[in-house]
Amino acid sequence: MRRRQASCIVTFHTTADAMETERVCRAAGLAGRLIPAPRDLTADCGIAWCGPAETRPALEAALRAAGVEAAGLREQLY
Amino acid sequence: MAKKTKQTPEKTSWLGQNWLLLLTGFLVGAAAIVLNLLGNPGNMGFCIACFERDIAGALGLHSAAPVQYFRPEIVGIVLGSLLMALARKEFRGKGGSAPALRFGLGALVMIGALVFLGCPLRMVIRIGGGDLNAVVGLLGFIAGILMGLVFLKKGFNLGRAYKQSPLEGLAFPGALLLAFLLCVTGLCGLFRSSAAGPGSLRAPWYAAILAGLLVGALAQRSRFCMVGGVRDAVMFREFGLISAFGMVILTVLLGNVILKKFTGFSFAGQPVAHSDGLWNFLGMSVVGWGSVLLGGCPLRQLVLAGEGNSDSAVTVLGMIFGAALSHNFKLASSGDGSTPNGHIAVIGALAILLLVSLVLSFAKGKEGKK
């Protein structure tokens, strides 16, 4: 039984964007990890970034600064 | 792009998360057993590579008489995915992500699959049927996926897909449906059809299309994908997808035992298979590596094509082209073993995969990040 937590989940147009996001977040000290994109978020079988919900503003700023375009961004329990 | 928060239970069990995948695995295995009973070749209730190879033959793209038949299962999978995507409002016309490269990679994947004699789905069906050659293929498949993942982590990128018109997304499923209707209504006598060999072994068309529809719809809903299963297990320690393939093996194994068709695990004497271990391994390495770069196994490409992804439709066309190359130039194996031309083609395919992986991982320009 896994306990779900309020998370900010970002999906991408390409796997390379997901990898770049991991690099950017690590460099910025943002908590989170790559996960398989949740099925309820997308029919695509890509990779998503999942971080604590409270990191959302910093995460959005980091992605903007790095020029990474998110396909979708949602807060949900994960 | 932000969406409203969706409320879900705070706790979730593994089974609660993955029941649909397990159900899909069970029904895919059951469909393979039933189609085999109704006439499909041994351990080939479902095989995306073999069926696309048969379609290539039916269209006259190769002249190998034993493997020509317009397989309704392929049409069913694409249409099942399309119907499920439409029902769930997930149909999207999109494309434009390196179509020429995808066509070529699709051809390479097919060449590797026909050296092994099966796609990843048939590989697990063969394991369930007691074919140990498929276990060798599985090891090669995993090795190929691991190679591909190395480059994915280095930033391998075929480029993003863009929104297209719904008509673009419907073109491939529509063409398949039209060809299928021409076949079953007898209006088209142009398609070739095997009188002997694997292409002549077939379930009735209505059973085949129904099984395809079921598998396509479930695979769309669950995102059933062998490559994704290994990727998730290796990268994220998530085992839901790969468990679905364990369920296929278990279902096929139990089905064969119940029907008294299971004669134990062995390398020799397996239907539509050979025992050249090295080439089984390397052939499936090509399939695994190429499929990772393409973002999904051959079954997944059909499902994505049904969802409106024209890049996947191009990939499927590349696979059909690869099947034609395989039989026209004697690259494909047979029950007697692999061929010298097949060996050269597999080595060449691995070299091309390495080149493409290196170029698109390390030589990216300013557009590389997009």
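Everything below is about the structure printed above this text.
Positions within a chain are numbered from 1, following the residues in the order the chain's sequence is written. Chain letters and ligand numbers both follow the written order, the letters beginning at A and the numbers at 1. Under the rules for a predicted model, residues below a pLDDT of 70 receive no local features and side-chain atom pairs below 80 are neither given nor counted, while totals for whole chains, interfaces and linings still include all residues.

## Focus on the packing of helix α11 (residues 277–294) of chain B against helix α14 (residues 340–362) of chain B
Residue and element names in this part refer to chain B.
Inference 1: Convention adopted: a line fitted to C-alpha atoms gives each axis, helices being fitted over their contacting stretch, and angles between N-to-C directions are expressed from 0 to 180 degrees. Think of it this way: any DSSP run of H or I at least four residues long counts as a helix, any run of E at least two long counts as a strand, and we number them from the N terminus. One way to put it is that α11 packs onto α14 with a least axis distance of 10 Å and a crossing angle of 30°. Looking at the two axes, α11 sits roughly parallel to α14. Where α11 crosses over α14, the handedness of that crossing is left-handed. Residues W279, L282, G283, S285, V286, W289, G290 and L293 of α11 lie in contact with α14, whose contacting residues are G342, H343, V346, A349, L350, L353, V356 and S357.
Inference 2: Of the residues belonging to the contact of α11 with α14, the class tally is 10 nonpolar, 6 polar and no charged. By definition in this entry, angles of less than 35 degrees are roughly parallel, angles greater than 145 are roughly antiparallel, angles of 65 to 115 are roughly perpendicular, and the rest are oblique. For any pair of crossing helices, the crossing counts as left-handed if the nearer helix is rotated counterclockwise from the farther one by less than a right angle, and right-handed if it is rotated clockwise. The contact rule is simple: place each C-beta atom from the backbone, and if two of them lie within 7 Å, those residues are in contact. Put simply, Ala, Val, Leu, Ile, Met, Phe, Trp, Tyr, Cys and Pro go in the nonpolar bin, Asp, Glu, Lys and Arg in the charged bin, and everything else, Gly too, in the polar bin.

## Re the nonpolar core
Inference 1: Note on terminology: a nonpolar core is any set of buried Ala, Val, Leu, Ile, Met, Phe, Trp, Tyr and Cys residues joined through C-beta atoms within 7 Å. Any residue with 12 or fewer other C-beta atoms within 10 Å of its own C-beta is exposed, any with 20 or more is buried, and the rest are partly exposed; the C-beta atoms used are placed from the backbone. Within the largest apolar cluster, 134 residues are counted, with the highest numbers of intra-cluster contacts made by I111, L114, L121 and V286 of chain B.
Inference 2: In contact with I111 of chain B, not counting residues within four places along its chain, are V286, G322, L325, S326, L331, A345 and A349 of chain B.

## Details of unusual backbone geometry
Inference 1: The backbone of N43 of chain B shows a phi angle near 50°, a positive value even though the residue is not glycine.
Inference 2: In this fold, N43 of chain B is placed in the loop between α1 (14–37) and α2 (48–58).

## A few points about helix α1 (residues 15–28) of chain A
Inference 1: To estimate the expected span of a helix, count its residues, drop one, and scale the result by 1.5 Å. Here α1 of chain A spans 20 Å end to end across 14 residues, near enough to the 20 Å set by a 1.5 Å rise per residue.
Inference 2: Along α1 of chain A, the positions that sit buried rather than exposed are T15, A16, D17, A18, M19, E20, T21 and C25 of chain A.
Inference 3: Tucked into the core, α1 of chain A has its buried residues touching β2 (6–12), β3 (33–36), β4 (47–52) and α2 (56–66) of chain A together with α6 (133–153) of chain B.
Inference 4: A positive backbone phi angle near 75° is found at G29 of chain A, which sits one or two residues after α1 of chain A.

## Some thoughts on helix α5 (residues 120–128) of chain B
All names here are of chain B.
Inference 1: In terms of burial, α5 is largely enclosed, as 9 of its 9 residues are buried.
Inference 2: Along α5, the residues that are buried comprise P120, L121, R122, M123, V124, I125, R126, I127 and G128.
Inference 3: Looking one or two residues past α5, G130 carries a phi angle of roughly 95°, positive in sign.

## Focus: the interface of chain A and chain B
Inference 1: Taken together, the 25 residues of chain A in the interface contact 27 residues of chain B.
Inference 2: In terms of residues, the side of chain A that touches chain B owes the most to one element, strand β5 (residues 70–77) of chain A, which gives 7 residues.
Inference 3: Partitioning the side of chain A that touches chain B into residue classes produces 11 nonpolar, 6 polar and 8 charged.
Inference 4: In this description, strands pair whenever DSSP reports at least two bridges between them. Two strands pair when backbone bridges link them, and strand β1 (residues 2–3) of chain A and strand β2 (residues 11–12) of chain B are joined in this way by 2 bridges, in the antiparallel orientation. Within β2 of chain B, the position partnered with R3 of chain A by the bridge is K11 of chain B.

Don't take any of this as a statement about function, it's just geometry.
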